[in-house]
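# Architecture at a glance
Read off the chains here:
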Amino acid sequence: RHDFYAYDYARNLLRSLPRGAVLYDPDDPTHFSIQVLQAVEGRRPDVVLLNFFRTRWGYEQIKRRWPDLLPPVAIDNGPELQRLLWAYSARRRPFYAELPQKLTPLPYHAEGLVYAAQAPTSALSRQRAEALLELAVQRGDFVTLHHADFFTSHLISYYAAAQNNLGIEYAGMGDWRRAIAHYRAALQIEPDQHAAQNNLAIALQKIGKLL
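Residues numbered from 1 in each chain as written. Predicted model: local features only at pLDDT ≥ 70, side-chain atom pairs only at ≥ 80, totals over all residues. Heavy atoms only, no water.

### Comments concerning the sheet that holds strand β5 (residues 114-117)
- One open sheet holds the five strands; their spatial order is β2-β1-β3-β5-β4, and the pairing between them is mixed. Unpaired on one side and paired on the other, β2 (48-50) and β4 (108-111) mark the two borders of the sheet. The mean angle between the axes of side-by-side strands here comes to 35°, regardless of whether they run parallel or antiparallel.
- In this structure, β4 lies alongside β5, joined through four bridges in antiparallel fashion. Residue pairing in the sheet places His109 in a bridge with Ala116 of β5.
- Lying over the sheet, helix α2 (residues 28-41) contacts β1 (22-24) and β2, oriented at roughly 150° with respect to β2. (Pairing = 2+ DSSP bridges. Helix = DSSP H or I, 4+ residues; strand = E, 2+ residues; numbered from the N terminus. Axes fitted to C-alpha atoms, helices over the stretch in contact; angles between N-to-C directions. Contact = heavy atoms within 4.5 Å.)

Here you go:
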């Protein structure tokens, strides 16, 4: 059908992850897209999709498939497992999320279509994020409003979120020119994204172009 949205999204996201990375609590569209590439094409089996970890089934999956992620002690409840993921596991493997709000209140920075946990932004990280977004393959119509099905529009919206969140990092450094460029790039992909609209208005006001 020449529909490459899910395939390209999964490939682009995997390019953003280092070897042995853990993708923390991915949404269903992200999880399913990557899992297909891992299962069918054997791509990046080193990447851990950390889903359902708050359930007994999820806990048993971690112990069976990635025993290095947890300390050799019994874990009795979800909150304790959650605490150990950040206090123990994230010290042994690099943790990422496809949406930054999943990492709050931890520091993070953008890396293409993902966000590195417990890693504050820097000039080098922003350069890497720019490069990864430039390398992303985007086949098809990349405007969310042009797609009626939830799955496709949701996948495309991740690219808009990546642009907007990188803009936020530039805004935090006072680089309003680059911030505005990324907010506008986000709105080209997702015209009704309220976060990017609001951020763009603030940035334009900061440089005196919104009266």
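### Description of the environment of His31
- Along the chain, His31 turns up in helix α2.
- Considering only alpha carbons, one finds His31 and Asn51, 20 residues apart in sequence, at a separation of 8.2 Å.
- Residues within four places of His31 in sequence aside, it is in contact with Pro26, Leu49 and Asn51.

### A few points about helix α3 (residues 56-65)
- Those residues of α3 not exposed but buried are Gly58, Tyr59, Gln61 and Ile62. Along the axis of α3, the buried residues cluster in a sector spanning 160°; they form a single face. Exposed and facing more than 90 degrees away from the buried side of α3 are Trp57 and Arg64.
- Those residues of α3 that are buried are in contact with β2 and α4 (78-87). (Buried < 20%, exposed > 50% of the residue type's maximum accessible area, 1.4 Å probe, protein only. Arc of directions from axis to C-beta.)

### Topic: the packing of aromatic side chains
- This structure, assessed with the given rule, holds eight aromatic pairs.
- Look at Phe52 and Trp57: their rings are 5.8 Å apart centre to centre, the planes differ by 65°, and that puts the pair in the edge-to-face class.
- Cluster of aromatic residues (ring-pair linked, three or more members): Tyr5, Tyr9, Phe142, Tyr158 and Tyr159.
- The ring of Tyr88 carries the charged tip of Arg92 above its face, separated from the ring centre by 3.5 Å.
- Over the ring of Phe4 we find Arg139, and its NZ or CZ is 3.7 Å from the ring centre. (Phe/Tyr/Trp six-rings, centres within 6.5 Å; stacked < 30°, edge-to-face > 60°. Lys NZ or Arg CZ within 6 Å of the ring centre and 35° of its normal.)

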